[in-house]
Amino acid sequence: MPPIPTKPEELKTMEKPVLSVENLSLDFHLRTHILHAVRDVSFDLHRGRTLALVGESGSGKSVTARSLMRIVDKPGVMVGGRIILRTQGREVDLAQLASNSPEVRAVRGARIGLIFQEPMSSLSPVHTIGSQIDEVIRLHSGMDKRAARARTVELLGQVEIPNPAEMADRYTFEFSGGMRQRAMIAMALAVNPDILIADEPTTALDVTTQAEILDLIKRLQTERGMAVLLITHDMGVVAEVADDVAVMRFGRIVETGTVDAIFHAPQHAYTQRLLASTLKLEQPADARAEAVITPQPLLTVKGLTKVYGGAKGFLGTKKFALKAVDDVSLVLHAGENLGVVGESGSGKTTLGRLILRIVEPTTGQVLYRQKDGTEIDVTALSKSDLRKFHADVRLIFQDPFASLNPRMTIRQIIGDPLVVEGKLKGKEIEEKVAELLRLVGLSPDVMERYPHAFSGGQRQRIGIARALALDPRIIIADEATSALDVSIRSQILDLLLEIQSRLDLSFIFISHDISVVRYFCDRVAVMHRGKLVEIGPAETICTSPSEDYTRALISAVPNPDPRNKRMLHRTRFSALSTST
């Protein structure tokens, strides 16, 4: 006789699921072929529990989630399966209903809420945040305008947006990334849905904002008893918040189980590889232990400051001044990888642009030691001399999709710096491009293709090849791996380390991902509100930081072990005090 369940999670699973997906299959009818995006996918969502649907880009996670609300764009077609929604005392198979039917429209928002990955593109830029939430409430509840407005202000307060009555009249661009995501959550919860689908809700956020958003979703789930479907590729987030896990690959679910079973006894080889890639970044790279770092500075930043605003206005009143970078000083040695970390708005990207003089500094110096040993002040260089400096110091951009010109072939993209500098011509450029493609692990045969023919990881390799075209000495990598899946991320980091050992490079690595910085960097500089808070060896900063802000930052990083949830006991930073 089986044991009688006594634990709350066991009792939960005895209840009928609020939603059951049975053998769901989706096809995309493309011009040349049929893409089987989802194949025979089955899972259940239970009230009060979070199911994490995990896998790399292209695995079918998001299209599966969108099919639950019947919002899969054409040419997507549901070709099989059932989606059983149990709510308000009845069962309905959403798969049997037309996607634009009144029954399905009544389910969207009212019974199933959806938080999109990118709130900036999901919220209207021409309507206030409050009016957008008002519309959802009035559509599904029949409230009058005044009651809907009161409900909107209440919801914004519940998602911890300060001054909710005032903020309801603001527009999307006036909200920070974290506040936009909170507004999206308020909209998704406007009519008390039974199910909340969160599609990569924290991918674009820094670690502290991510921790706050995940805390908020968990609290609201507990208060309302919702079922949550979390779509993510971040295994650390899964370990922190999920109860159950379904692993997807190539449109199929390859493994399901409780979060503890998936992390501590994974059965499928793909799940094991995902976890191995995640755990790999929890330790410094072996290659850095053997790195040769010279004591002589290659780049020295002295008192670098950038102030926006502050000039007198039309009537002589002084405008508000923002110090994006505030008196920052640091040193980069030859052969060293220096990480720069901090929350969004901390000034780390501006610092990188100031070093390159893409942005002109207000005060301060950037001293660069050239190959002949002489030192130059970058802030005083003429345009022609600055061009020479830019040949030695190159930038890898964050977004591998937006940073490559879609109208240029790969040969043109990588060869462009060589053409601009006039170093090589004709056949020589082609030979150099082929050499660079081989260096980043791509075949020279691809050089006549266009960017759309490549995956995100391959595009980032092309971006790296372009950065290496002029044989630089320093590379500034601005969030160069944040848009990539965890397994591709570790591949790109290993590629950069391998190239570094062969070409004698130094890196300034800007990131909000602490695990990436710990793996890749020798030293770490921590920034907060434009100031340099702390700088030291990467292992010291990541395991035993001395400053309160750094401790708060590190404690917000998800720990890929469900038995040791770091975020539950994270330190919250205050300018006056800290508390846990």
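Only a predicted model underlies this, so the values are computations on that prediction, with no experimental measurement involved.

**Some points on helix 5 (residues 129-141)**
With 13 residues, helix 5 should cover 18 Å at 1.5 Å per step; its first-to-last C-alpha distance of 18 Å lies within 8% of that length. When helix 5 is considered as a whole, its buried residues turn out to be Ile129, Gly130, Gln132, Ile133, Asp134, Val136 and Ile137. Summarising the contacts, the buried residues of helix 5 are in contact with helix 6 (145-158), helix 7 (164-167) and helix 8 (177-188). Just downstream of helix 5, Gly142 is the residue with a positive phi angle, here 75°.

**Regarding the pairing of strand 20 (residues 531-537)**
Where strand 19 (residues 523-528) and strand 20 come together, six bridges link them in antiparallel fashion. Bridged to His528 within strand 20 is Lys531. Where strand 19 folds back onto strand 20 in an antiparallel hairpin, the turn is made up of two residues, including Arg529, whose phi is positive at roughly 50°.

**Considerations on the sheet that holds strand 4 (residues 76-87)**
Read from one edge of the open sheet, four strands run 2-1-4-5, paired in antiparallel fashion. Bordering the open sheet on either side are strand 2 (34-45) and strand 5 (90-93), each of which pairs with just one other strand. For this sheet, the mean inter-axis angle between neighbouring strands, taken without regard to orientation, is 10°. By the bridge criterion, eight bridges tie strand 1 (residues 19-29) to strand 2 in an arrangement that is antiparallel. Residue Leu19 lies in a different strand from strand 2, and its bridge partner there is Leu45.

**Things to note about the domain arrangement of the chain**
By the assigned domains, the chain splits into domain 1 (15-282) and domain 2 (296-310 + 321-546). For domain 1 versus domain 2, the distance between C-alpha centres works out to 35 Å. In this assembly, 13 residues from domain 1 lie in contact with 16 residues from domain 2. Taking both sides of the interface into account, the surface hidden between domain 1 and domain 2 amounts to around 1,400 Å²; carbon and sulfur atoms contribute 51%. Among the residues domain 1 hides against domain 2, the three largest losses belong to Asp206, Lys280 and Leu281. Together they make up 41% of the total. At the junction of domain 1 with domain 2, the criterion picks out two salt bridges. Between domain 1 and domain 2 we count six residue pairs in polar contact (both at pLDDT 80 or more) in total.

**Topic: the packing of helix 5 against helix 8**
Across the interface, helix 5 lies against helix 8 with an axial gap of 9 Å and an inter-helix angle of 20°. In terms of orientation, helix 5 lies roughly parallel with respect to helix 8. Remark: the crossing between helix 5 and helix 8 carries right-handed chirality. Every residue of helix 8 that contacts helix 5 at Ile129, Gln132, Ile133 and Val136 is listed here: Ala183, Ala186 and Met187. Grouping the constituent residues of the contact of helix 5 with helix 8 by class yields six nonpolar, one polar and no charged.

**Considerations on unusual backbone geometry**
Residue Lys74 is joined to Pro75 through a cis peptide bond whose omega torsion reads 15°. Looking at the secondary structure, you find Pro75 in the loop between helix 2 (61-68) and strand 4. One non-glycine residue, Asp40, lies in the positive phi region at around 50°. Position of Asp40 among the secondary structure elements: in strand 2. Not every positive phi belongs to a glycine, and Asp504 is a case in point at roughly 60°. As for its position among the elements, Asp504 is in the loop between helix 19 (486-503) and strand 18 (506-511).

**A word on the side chain of Lys61**
Among the structural elements, Lys61 can be located in helix 2. No salt bridge is formed by the buried Lys61; its nearest oppositely charged neighbour, Glu200, is found at 4.3 Å. Non-local contacts of Lys61, meaning those with residues more than four positions away in its chain, are made with Leu53, Val54, Gly55, Glu56, Glu200, Ile231, Thr232 and Met248.

**A few points about the pattern of salt bridges**
Here the structure, examined in full by the defined rule, presents 33 salt bridges. Here Arg49 makes a salt bridge to Asp244, at a shortest N to O gap of 3.0 Å. Taken together, the residues span a long stretch of sequence, with Arg49 in the loop between strand 2 and strand 3 (50-54) and Asp244 in strand 9 (residues 244-249) at a distance of 195 residues. No difference in accessibility class separates Arg49 from Asp244, as the two residues are buried. A salt bridge links Glu160 to Arg182; its shortest N-O distance comes to 3.5 Å. One end of the pair, Glu160, is in the loop between helix 6 and helix 7; the other, Arg182, is in helix 8, with 22 residues separating them in the sequence. You can call Arg182 buried: its relative accessible area is 8%.

**Regarding the side chain of Ser67**
Within the secondary structure layout, Ser67 lies in helix 2. When its relative accessible area of 1% is taken as the criterion, Ser67 is described as buried. Within polar-contact distance, the side chain of Ser67 engages the backbone oxygen of Thr64 at 2.5 Å. Aside from chain neighbours lying at most four places away, what touches Ser67 is Leu24, Leu26, Val72, Met78 and Ile83.

**Section: the packing of helix 5 against helix 6**
It is at 9 Å that the axes of helix 5 and helix 6 come closest, and there the two elements cross at 115°. Here helix 5 and helix 6 pass one another in a crossing that is right-handed. Two secondary-structure elements touch here, helix 5 through Ile129, Gly130, Ile133, Asp134, Ile137 and Arg138 and helix 6 through Lys145, Ala148, Arg149, Arg151, Thr152, Leu155 and Leu156. The class makeup of the residues in the contact of helix 5 with helix 6 is six nonpolar, two polar and five charged.

**As for the sheet that holds strand 15 (residues 375-377)**
The four strands are arranged 12-11-14-15 in an open sheet whose pairing can be described as antiparallel. Across the chains shown, the open sheet's two edge strands, defined by having one partner strand only, are strand 12 (321-333) and strand 15. Strand-to-strand twist across the sheet, computed as the mean angle between neighbouring axes with direction ignored, equals 20°. Sheet topology note: the strand 11 (residues 297-309)/strand 14 (residues 363-369) ladder contains five bridges and is antiparallel. Its bridge partner being in strand 14, Lys302 is matched across the sheet by Gln365. Seen against the sheet, helix 14 (residues 348-356) touches strand 11, strand 12 and strand 14 and runs at an angle of roughly 115° to strand 11.

Rules used in this analysis
- Residues numbered from 1 in each chain as written.
- Predicted model: local features only at pLDDT ≥ 70, side-chain atom pairs only at ≥ 80, totals over all residues.
- Heavy atoms only, no water.
- Helix = DSSP H or I, 4+ residues; strand = E, 2+ residues; numbered from the N terminus.
- Expected span 1.5 Å × (residues − 1).
- Buried < 20%, exposed > 50% of the residue type's maximum accessible area, 1.4 Å probe, protein only.
- Contact = heavy atoms within 4.5 Å.
- Pairing = 2+ DSSP bridges.
- Axes fitted to C-alpha atoms, helices over the stretch in contact; angles between N-to-C directions.
- Domains from an automatic or database assignment.
- Buried area = accessible area lost by both parts, 1.4 Å probe.
- Salt bridge = Lys/Arg side-chain N within 4 Å of Asp/Glu carboxyl O.
- Polar contact = N/O pair within 3.5 Å; in protein donor to acceptor, adjacent residues only side chain to side chain.
- Parallel < 35°, antiparallel > 145°, perpendicular 65-115°, else oblique.
- Left-handed = near helix turned anticlockwise from the far one by under 90°.
- Nonpolar A, V, L, I, M, F, W, Y, C, P; charged D, E, K, R; others polar.
- Lys, Arg positive; Asp, Glu negative; His and termini not counted.

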